[in-house]
Amino acid sequence: MVMNLGVEGNHMKFVSRLTMAAAIALAVPAGLAAPAMAQALSPNVGKPLQEASSLAKSGNLSAAMARVNAARSAADTGVERRKVAEMAAYVYTRGGKWSAAARELEAIGAPATQLAPLYYRSGDFAKAIALGKKAGGVQGQTIVAQSYFRQGRFSDAANVYEDLIRRYGAREGWLQNLANVQYKSGDKKAYLATTERLIRVDPSPARWRALLIDLKKETMPREAKLTLYQLMRETKNITTPEDYQEFSKLAIVGNQPGLSKVALEEGVKSGVLSTSDSMTARLLEASTKRASAARADFAKLPKTADGYMQGGSALMGVGNYAKAAVYFSNAIKAGTPDIDQAHMLLGISQLRSGKLSEARKAFGAVAEDSPYSSVAALWSLYASTRSA
């Protein structure tokens, strides 16, 4: 399934940090290893190269290169010239001079697998692409994809990542980079499909937070914002005093004072909140009083669409999700005007009751142009990861 994350203008806003914050990770070595010295080298070549290696390791790169040049002047055989070039490349990489290192190795016919990473690091992406294609395999294709990305050729990069995933499996890093380039290229449908696959590979709180943090900033009705905070709670992303307090306020206004009370108590237990904080203390007191009143008034609720909505919210607030689902179903049957809200709350209640397929159907019934659609899509995705 591909998530529908709401109206056109909001499709891409809140999920951008999922991949944008994760820099392209490249499987390129930080530098070359010091070449081993062959016994066949003459003293005038072997000794300065050994000295160059020691000097480079200690960080004295100018002195190291001077010893490399001394060895170069004395080199007479093909083997000696190769060892000089390898040592020169090693010294250059120690100093971050990737182009110079690549030229040294290219001059002695080094393979594409060795040259492509160096040209990528030097910023010569055209050459990195050509050599990456020649090298092939996972490393070669990765260099090609990331060189395309650095050139701004996002669609080309996406094609290479898709091929890597098709041939070698859905690795998290590739999915993350694929989502990144799809986002940059504006391919919304593909981006959202990849985001779903990424969540399935890594449904961790951190991954969910990347999806939720920007959506929290979007303008939406407070009832929709409450369902977002409920998903943040489900994915263990209520982590700050401000989040707990906002969640509490929304739950009180949304006729779920019991949920407000539970959330505040969780915050206190985790150490994020303190009852010595005046705002927390006031919210906890209000939640307790209103939850008690809601229990007393529950039996008086009318058997109408509005009464069922109020009753379902009250039941959710005290954690009676199975019965809450019945109430929201009745509200839908009774023709509640808050139909999308009812489907959202029905889905949450069913999910919390363990009825995952029914929950996804309820989330799927939320209209695409509804202010609840973005949150409903994420709840549906969360339900799918729970059933996986």
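Residues numbered from 1 in each chain as written. Predicted model: local features only at pLDDT ≥ 70, side-chain atom pairs only at ≥ 80, totals over all residues. Heavy atoms only, no water.

S.K.: What is the right way to read the overall build of the protein chain from this model?
M.R.: A count of helices and strands for the protein chain gives 21 helices and zero strands. Against the 2.2 N^0.38 benchmark of 21 Å for 388 residues, the protein chain shows a C-alpha radius of gyration of 30 Å, more extended than a compact globule. Taking the principal axes of its C-alpha atoms as reference, the protein chain extends roughly 100 × 45 × 30 Å. For the protein chain, the proportion of its 388 residues judged to be buried stands at 49%. When contacts within the protein chain are restricted to residue pairs at least 6 apart in sequence, those whose partners lie at least 24 apart make up 58%. Of the side-chain charges in the protein chain, 50 are positive and 33 negative, and the distance between the mean point of each set is 4 Å. (Helix = DSSP H or I, 4+ residues; strand = E, 2+ residues; numbered from the N terminus. Rg over C-alpha atoms; globule rule 2.2 N^0.38 Å. Buried < 20%, exposed > 50% of the residue type's maximum accessible area, 1.4 Å probe, protein only. Contact = heavy atoms within 4.5 Å. Lys, Arg positive; Asp, Glu negative; His and termini not counted. Charge placed at Lys NZ, Arg CZ, Asp CG, Glu CD.)

S.K.: Help me understand the pattern of salt bridges, please; the structure alone is not making it clear to me.
M.R.: Once their charged atoms are close, side chains differing in charge can pair, the charge on each being opposite to the other. On inspection of all chains with the given rule, the structure shows 18 salt bridges. The partner of Arg 72 in a salt bridge is Glu 104, with the nearest N and O atoms 3.0 Å apart. Of this pair, Arg 72 sits in helix 3 (residues 61-74) while Glu 104 sits in helix 5 (residues 98-107); the two residues are 32 residues apart in sequence, bridging distant segments of the chain. Arg 72 sits in the partly exposed class, given a relative accessible area of 35%. (Salt bridge = Lys/Arg side-chain N within 4 Å of Asp/Glu carboxyl O.)

S.K.: Honestly, the nonpolar core in this entry has me stumped. Any pointers?
M.R.: Considering soluble globular proteins, one finds that nonpolar side chains tend to be buried as a cluster. Trp 208, Met 344, Leu 351, Phe 363 and Trp 379 are the most contacted members of the largest nonpolar core, which totals 52 residues. The element contributing the most residues to this core is helix 21 (residues 373-387), with seven residues. With sequence-adjacent residues up to four places away left out, Trp 208 is seen in contact with Ile 199, Pro 203, Leu 231, Thr 235, Asn 237, Leu 378, Leu 381 and Tyr 382. In terms of nonpolar packing, the next biggest core, distinct from the first, is built from 36 residues, Ala 64, Tyr 90, Leu 118 and Phe 125 among them. (Core = buried A, V, L, I, M, F, W, Y, C linked by side-chain atoms within 4.5 Å.)

S.K.: It is not clear to me how unusual backbone geometry should be interpreted in this structure. Could you clarify?
M.R.: Among all residues except glycine, the phi angle is most often negative; among peptide bonds, the trans geometry is most common. For Lys 236, which is not glycine, the phi torsion reads 60° and is therefore positive. Assignment of secondary structure puts Lys 236 in the loop between helix 13 (222-234) and helix 14 (241-253). Relative accessible area serves as the criterion here: at 61%, Lys 236 is assigned to the exposed category. Its identity as a non-glycine residue notwithstanding, Asn 255 has a phi of 60°, on the positive side. Looking at where Asn 255 falls in the secondary structure, it is placed in the loop between helix 14 and helix 15 (257-270).

S.K.: What's the story with helix 18 (residues 321-333) in this structure? I'm lost.
M.R.: Along an α-helix, residues three or four apart share an orientation, since each turn contains 3.6 residues. The terminal C-alpha atoms of helix 18, which comprises 13 residues, lie 18 Å apart, in line with the 18 Å expected from a rise of 1.5 Å per residue. Buried residues belonging to helix 18 abut helix 13, helix 17 (305-317) and helix 19 (339-352). (Expected span 1.5 Å × (residues − 1).)

S.K.: What's the story with the side chain of Lys 225 in this structure? I'm lost.
M.R.: Tracing the chain through its elements places Lys 225 in helix 13. There is no salt bridge for the buried Lys 225, and the closest opposite charge comes from Glu 246, which lies 5.6 Å off by N-O distance. Within polar-contact distance, the side chain of Lys 225 engages the backbone oxygen of Lys 216 at 3.1 Å. Discounting residues that sit within four places of it in the chain, Lys 225 has contacts with Lys 216, Glu 218, Met 220 and Leu 250. (Polar contact = N/O pair within 3.5 Å; in protein donor to acceptor, adjacent residues only side chain to side chain.)

S.K.: Explain the packing of aromatic side chains here, please?
M.R.: Aromatic rings in a pair are described by how distant their centres are and how their planes are angled relative to each other. Tallying each qualifying case throughout the model produces ten aromatic pairs. Taking 5.8 Å as the distance between ring centres and 25° as the angle between the ring planes, the aromatic pair formed by Phe 363 and Trp 379 counts as stacked. With Phe 363 in helix 20 (residues 356-364) and Trp 379 in helix 21, the pair connects residues that are 16 residues apart, well separated along the chain. Assessed through its relative accessible area of 0%, Trp 379 is described here as buried. One aromatic cluster is present, formed by Trp 208, Phe 363, Trp 379 and Tyr 382 through successive ring pairs. A cation sits over an aromatic face here: Arg 121 above Trp 98, 5.1 Å from the ring centre. (Phe/Tyr/Trp six-rings, centres within 6.5 Å; stacked < 30°, edge-to-face > 60°. Lys NZ or Arg CZ within 6 Å of the ring centre and 35° of its normal.)

S.K.: It is not clear to me how the environment of Thr 288 should be interpreted in this structure. Could you clarify?
M.R.: Residue placement: Thr 288 occurs in helix 16 (residues 278-297). Reaching out from Thr 288, the side chain makes a polar contact with the backbone oxygen of Leu 284 at a distance of 2.8 Å.

S.K.: Honestly, the environment of Arg 386 in this entry has me stumped. Any pointers?
M.R.: Structurally, Arg 386 can be placed in helix 21. When the C-alpha atoms of Arg 386 and Glu 266 are compared, they prove to be 22 Å apart, with 120 residues separating the residues in sequence. Look past the residues within four positions of Arg 386 in its chain and what remains in contact with it is Glu 234, Leu 351 and Leu 356.

S.K.: Hey, could you run me through the confidence of the model for the protein chain in this one?
M.R.: Fine structural detail should not be taken from predicted coordinates in areas where pLDDT scores are low. Confidence in the prediction of the protein chain, expressed as mean pLDDT, is 87, and 90% of residues score 70 or more. Scored below 50 in pLDDT, residues 1-28 makes 85 contacts in the model with residues more than four places away or belonging to other chains. (pLDDT = per-residue confidence, 0-100.)

S.K.: Teacher, can you tell me more about helix 11 (residues 188-201) here?
M.R.: Between its first and last C-alpha, helix 11 extends 20 Å over 14 residues, near the 20 Å set by a 1.5 Å rise per residue. Within helix 11 the residues assigned to the buried category are Ala 190, Tyr 191, Leu 192, Thr 194, Thr 195, Glu 196, Leu 198 and Ile 199. The N-cap residue of helix 11 is Asp 187: its side-chain oxygen and the backbone nitrogen of Ala 190 are 3.3 Å apart.

S.K.: Help me out: how do you make sense of the packing of helix 17 against helix 19 in this one?
M.R.: When two helices pack together, you describe them by how their axes are tilted relative to each other and by the distance separating the axes. Where helix 17 contacts helix 19, the axes come no closer than 11 Å and their chain directions differ by 30°. It follows that helix 17 is roughly parallel to helix 19 by the angle criterion. Helix 19 is crossed by helix 17, and the crossing has left-handed handedness. The segment helix 17 lies against helix 19, with Met 309, Ser 313 and Met 316 engaging Gln 341, Ala 342, Leu 345, Ile 348 and Ser 349. (Axes fitted to C-alpha atoms, helices over the stretch in contact; angles between N-to-C directions. Parallel < 35°, antiparallel > 145°, perpendicular 65-115°, else oblique. Left-handed = near helix turned anticlockwise from the far one by under 90°.)

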